[in-house]
Amino acid sequence: MSIKLNGSLSSDQLELFTSFVATLNPSQVAWISGYLAGLSAQGQGVSEVQSQSTAAVATEAVVSSGSGQPTLTILYGSRTGNGEGLAKKALKLATEQGIKATLKNMADYKTRDLQAEKNLLVIVSTHGEGVPPFSAKELHEFIYGKRAPKLDGVNYAVLGLGDSSYFHFCKTGKDFDEQLEKLGAKRLVARVACDVDFEAAADEWLKTTIPAFGGGEVIASAAPQFRLLANKTTKEETKPDTHTKKNPFLAPVYEKISLHGKGSKRQTLHIELSTEDAPGLDYQPGDAAGVYPLNSDELVSEVLAVTGLNAGDFVVFNEVEKKLETALHKNVELSKITIDVVNRYLETYPNEKLKELSENPDKFKEYLDGRDIVDLLQDYPAEVTAENLIKILRPLQPRYYSISSSPKACPGELHLTVGVVQYHNAGRHKKGTCSTFLSDLSVDDEKVPVFIESNPGFRLPENDETPIIMVGAGTGIAPYRAFVQHRDLADNKGKSWLFFGNRNFETEFLYQTEWQGFLKSGALTKMDVAFSRDGDKKLYVQDKLQENAAEVFQWLEEGAHVYICGDMKKMAGDVQHTLTKIVEKHGVLSKEKALEYVDNLQKEKRLQLDVY
Ligand SMILES: Cc1cc2nc3c(=O)[nH]c(=O)nc-3n(C[C@H](O)[C@H](O)[C@H](O)COP(=O)(O)OP(=O)(O)OC[C@H]3O[C@@H](n4cnc5c(N)ncnc54)[C@H](O)[C@@H]3O)c2cc1C
Ligand SMILES: Cc1cc2nc3c(=O)[nH]c(=O)nc-3n(C[C@H](O)[C@H](O)[C@H](O)COP(=O)(O)O)c2cc1C
C-alpha cells in the first residue's frame, strides 16, 4: 500500500502509521477514518477524548471505557428491570467494540439533550395498557409535544420490550421509533419488538445494531421489524446452581387456605410454599414470585374434542418430541389467544371472515378479550394438524404473584395471595390457568415451579422510621402483608396506614385477624377499609383516602411513602387522581402544581405502584 501524506507527520510517526495501516482490513480502515474524522471535527486529540470519558464517569452513569468515536447514548425506560439489564449489556458490547458509550435512564434524562445526540439507542418497555413505564413518561410526552426539536443529526435504533398477550404489544417502542423518525432522526436499524422470552432476540439484535453505530451505516431501515418469539423458549441452562426463571424451584406446598368467608361467590387463596435451602429464592418485601402452571385436564380435553386430534399424536416442542396431550398440558397457552396466535392461525388456515375481524382493531380487541383457543377453533374452524396447532400457539408463560410474606418473619417460606379467576364468556365457563392450577393443588404431594421476580420499584423506605401509606384492593393487599410483617420486626418503626378495599366485609376481609394483631402490636398504626358492595352506595379505597384527606396530606408532608397495589385498569388511576385532589386542596395548590407534586412523589420513588 502506498500512502502519500502532506508532511504533517514526523518520520517516526509516518513509519508507525504506515506499518499500522498495513495490518488493517477494509472495515477497520472505514472505522478508523470515521473515528479520526470525529476527532478532527471536535478539534481534539486522542488523549483529550480519553480523559474526557474518564471525567464523565464521575458525573454520570458512563461505564464505557471505549475511547473511540462516534459516541453512543444508550437510553433506557424500564419498570421491572428487563430493559435496564439489556441496556447494560448494550453498553458492554459497545465498549468491547471501542465505541464510547453512555448509559442513561430516561427518568434522569434531560430532554434538552436530545437534539445534541449523535447516536441514540433506545431500549424501552410498555406497561399498563399500552403506555410507557413511569421512567419514560416525560421523554415520551416531550417527543410528542410542541417543544420537540428537529433531530436531523441523530442516528437511532429502538428496541421495544413487551408481552404479546397484551393488545398493545410493544407500543411504547413503536411510538419512540416512529416519532424519532418524524422528528428527522435517521433510523439505522429496524426496530425490534421483543416478547416475553426476549433474551435471544435482544442479544441478536444488539449484536447487529451496535456496530452500525460505529460506522453510521443504515441496516434495513425501511420496515419496522416485529419479531415474536413464538413457540420457542430459551433452552435450559445445563446444571445451573441457582433457581431462576429458566430453572424454577419445585416448591413443596405447606399450606393452602381459603381467605373468603362462607357464602362468598369468589375465592382468594393463601398459599404457603417451602423454599428452604433453595438457592436463588431469596427475596425482599415487594418482590413477586413467578409460577409456571399446567393447563387443566378439562381445557386440554376441550381442545382435543374441538380439533378431533388424538392425545397420543406426537409433536415437537422446543426441539423435543412429545405427546400432543403433554404439550397441551405443559407447554402452550390455551386460556388466552393473542394477536400473534390469530395471525399464525390465519397464515396456516386462511379464513376471510377472521381476516376481516383481525383488520378491525376495536372489534378484534373485543373478540380476543376473554376468548380462548377453543373459541377460536369453534368460531373459525379448520382441519388443524397436531404439529401446526403446537406451532400456532404461544409458549405457556409463568404468572406473577406479589409475595405476601416477609423473609425475615417467615424464613424458608414464600406466601402467595391468589385470586381464583373464573368467568363466563362466549357461552362457556372459563377458568384462569395458573390460579386454577394453584387452587387445584394437593398440599401433600404436589410441588409448584417457582422463581423470584425482583421488583426494585416497590420497596419499603430504607429508613424504618419513614411513615408509609399502603393502598390496595383485593389481592393488592398481598405485598402489604409482607411490608407490615417486616416492619413488625424493626426496632424503631415509623407510622403505617393501610387502606384496603374489597366487595364484602363479612366474606372478603382478607387476613382480617392478622391486621387486628398488627394494629395491637403497633406494626400497623391505622387501617381504613372500603367494602364496595355492602351499602347502598359503592365505597372504594379512594373514597376512604378522600374522607381522611387532611391527615393523608399531613403524612405526605411528613415524608410518607405511598404504595398502590392491585387493579391497574381502574383503581390505580382513581387513587392517583384522588391523591392529586387531596394535594390540591390541602396544599392549597393549583391543579398543575398538585399534578407536579404527585409526579415528583413518583420521581423521588415516594409513590410506588405494583399494579396488574
Ligand atoms: C407483577 C404482578 C403481580 C401480581 N400479583 C398478583 C397477586 O398477588 N395475586 C393475584 O391473584 N394475581 C396477581 N397478579 C395477576 C396474576 O399474575 C395472573 O394474571 C392471574 O392470577 C390470572 O392468571 P391465570 O393464569 O389464572 O388466568 P389466565 O389464564 O391468564 O386468564 C386471565 C385472562 O382471562 C381473561 N379474563 C379474566 N376475567 C375475565 C372476565 N371477567 N371477562 C372476560 N375475560 C376475563 C382476561 O383476558 C385475562 O387476561 C399479578 C400480576 C403481576 C403482573
Ligand atoms: C402490569 C403490566 C402491564 C403490561 N402491559 C403491557 C402492554 O400493554 N404491552 C406490552 O407489550 N407489554 C406489556 N407488559 C409487559 C412488559 O412490557 C414486559 O414484561 C417487559 O419485559 C418489561 O420490561 P421492563 O422490566 O424493562 O419494564 C406489561 C407488564 C406488566 C407487569
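Residues numbered from 1 in each chain as written. Chains lettered and ligands numbered in written order. Predicted model: local features only at pLDDT ≥ 70, side-chain atom pairs only at ≥ 80, totals over all residues. Heavy atoms only, no water.

### Some words on the site of ligand 1
Thinking step 1. Taken together, 21 residues surround ligand 1, and among them Ser335, Tyr400, Tyr401, Cys434 and Ser435 come closest.
Thinking step 2. In the environment of ligand 1, an oxygen atom lies 2.6 Å from a nitrogen or oxygen atom belonging to the side chain of Ser335.
Thinking step 3. The separation between an oxygen atom of ligand 1 and a polar side-chain atom of Arg399 is 2.8 Å.
Thinking step 4. In isolation ligand 1 has 980 Å² of accessible area, and contact with the protein removes 73% of it.
Thinking step 5. Tallying contributions element by element places strand S12 (residues 399-402) first for the shell around ligand 1, with 4 residues. (Near = heavy atom within 4 Å. Polar contact = N/O pair within 3.5 Å; in protein donor to acceptor, adjacent residues only side chain to side chain. Areas by Shrake-Rupley, 256 points an atom, 1.4 Å probe, with all protein chains shown as cover. Helix = DSSP H or I, 4+ residues; strand = E, 2+ residues; numbered from the N terminus.)

### Concerning the site of ligand 2
Thinking step 1. Around ligand 2 sit 22 residues, and of these Ser78, Arg79, Thr80, Gly83 and Thr126 come closest.
Thinking step 2. One of the backbone nitrogen or oxygen atoms of Asp163 is found 3.1 Å away from an oxygen atom of ligand 2.
Thinking step 3. Compared with its free state, where it exposes 650 Å², ligand 2 has 90% of that area covered by protein.

### A look at a negative patch on the surface
Thinking step 1. Where like charges cluster on the molecular surface, the negative patch consists of Asp297, Glu325, Asp440, Asp444, Asp445 and Glu446.
Thinking step 2. By secondary structure assignment, the location of Asp445 is in the loop between helix H15 (433-439) and strand S16 (447-453). (Patch = residues over 30% accessible without salt bridge, like charges linked within 9 Å, V, L, I, M, F, W, Y side chains within 5 Å. Salt bridge = Lys/Arg side-chain N within 4 Å of Asp/Glu carboxyl O. Lys, Arg positive; Asp, Glu negative; His and termini not counted. Charge placed at Lys NZ, Arg CZ, Asp CG, Glu CD.)

### Considerations on the packing of helix H16 (residues 478-488) against helix H18 (residues 512-521)
Thinking step 1. Here H16 crosses H18 at 30 degrees, and the two axes come no closer than 11 Å. Comparing the axis directions of H16 and H18 gives the class roughly parallel. As H16 runs across H18, the sense of the crossing is left-handed. Here H16 contributes Tyr480, Arg481, Val484, Gln485 and Asp488 to the contact with H18, which in turn contributes Glu514, Trp515, Phe518 and Ser521. (Axes fitted to C-alpha atoms, helices over the stretch in contact; angles between N-to-C directions. Parallel < 35°, antiparallel > 145°, perpendicular 65-115°, else oblique. Left-handed = near helix turned anticlockwise from the far one by under 90°. Contact = heavy atoms within 4.5 Å.)

### A closer look at the nonpolar core
Thinking step 1. Core analysis: the biggest nonpolar cluster contains 34 residues, and Leu328, Leu334, Tyr345 and Leu376 have the highest contact counts within it.
Thinking step 2. Counting only elements with at least two residues in this core, the list comes to helix H8 (297-307), strand S10 (314-317), helix H9 (324-330), helix H10 (339-348), helix H11 (352-358), helix H12 (361-368), helix H13 (373-379) and helix H14 (386-392).
Thinking step 3. With residues near it in sequence (within four places) discarded, Leu376 still touches Ile337, Val342, Tyr345, Leu354 and Tyr367. (Core = buried A, V, L, I, M, F, W, Y, C linked by side-chain atoms within 4.5 Å. Buried < 20%, exposed > 50% of the residue type's maximum accessible area, 1.4 Å probe, protein only.)

### Thoughts on the pattern of salt bridges
Thinking step 1. The full count for this structure, using the stated rule, is 30 salt bridges.
Thinking step 2. A salt bridge links Lys137 to Asp599; the shortest N-O distance between them is 3.5 Å. Placement of the pair is Lys137 in helix H5 (residues 134-144) and Asp599 in helix H22 (residues 591-603), with a sequence separation of 462 residues.
Thinking step 3. The class for Lys137 is partly exposed, based on a relative accessible area of 30%.
Thinking step 4. The shortest N-O distance in the salt bridge between Glu604 and Arg606 comes to 3.9 Å.
Thinking step 5. What makes Arg606 buried here is its relative accessible area of 16%.

### Let's talk about the environment of Pro211
Thinking step 1. Locating Pro211 in the fold gives a position in helix H7 (residues 199-215).
Thinking step 2. C-alpha of Pro211 to C-alpha of Gly98: the two residues are 113 residues apart in sequence and 9.8 Å apart in space.
Thinking step 3. Apart from residues no more than four positions distant in its own chain, Pro211 is found in contact with Gln97 and Leu206.

### Points about the packing of aromatic side chains
Thinking step 1. If you walk through the whole model with that rule in mind, you get 18 aromatic pairs.
Thinking step 2. Judged by centre distance (5.7 Å) and plane angle (45 degrees), the rings of Tyr292 and Phe451 are tilted. In this pair, Tyr292 sits in the loop between strand S9 (288-291) and H8 while Phe451 sits in strand S16, placing the two residues 159 residues apart along the sequence.
Thinking step 3. By relative accessible area, Tyr292 is classed as partly exposed at 23%.
Thinking step 4. Plain terms: the ring middles of Tyr367 and Tyr380 are 5.9 Å apart, the flat faces sit at 75 degrees to each other, and that makes the pair edge-to-face. Placement of Tyr367 in helix H12 and of Tyr380 in the loop between H13 and H14 is noted, with a sequence separation of 13 residues between them. Across this residue pair, the class does not change: Tyr367 and Tyr380 are buried. (Phe/Tyr/Trp six-rings, centres within 6.5 Å; stacked < 30°, edge-to-face > 60°.)

No statement about biological role is implied by the geometric values presented.
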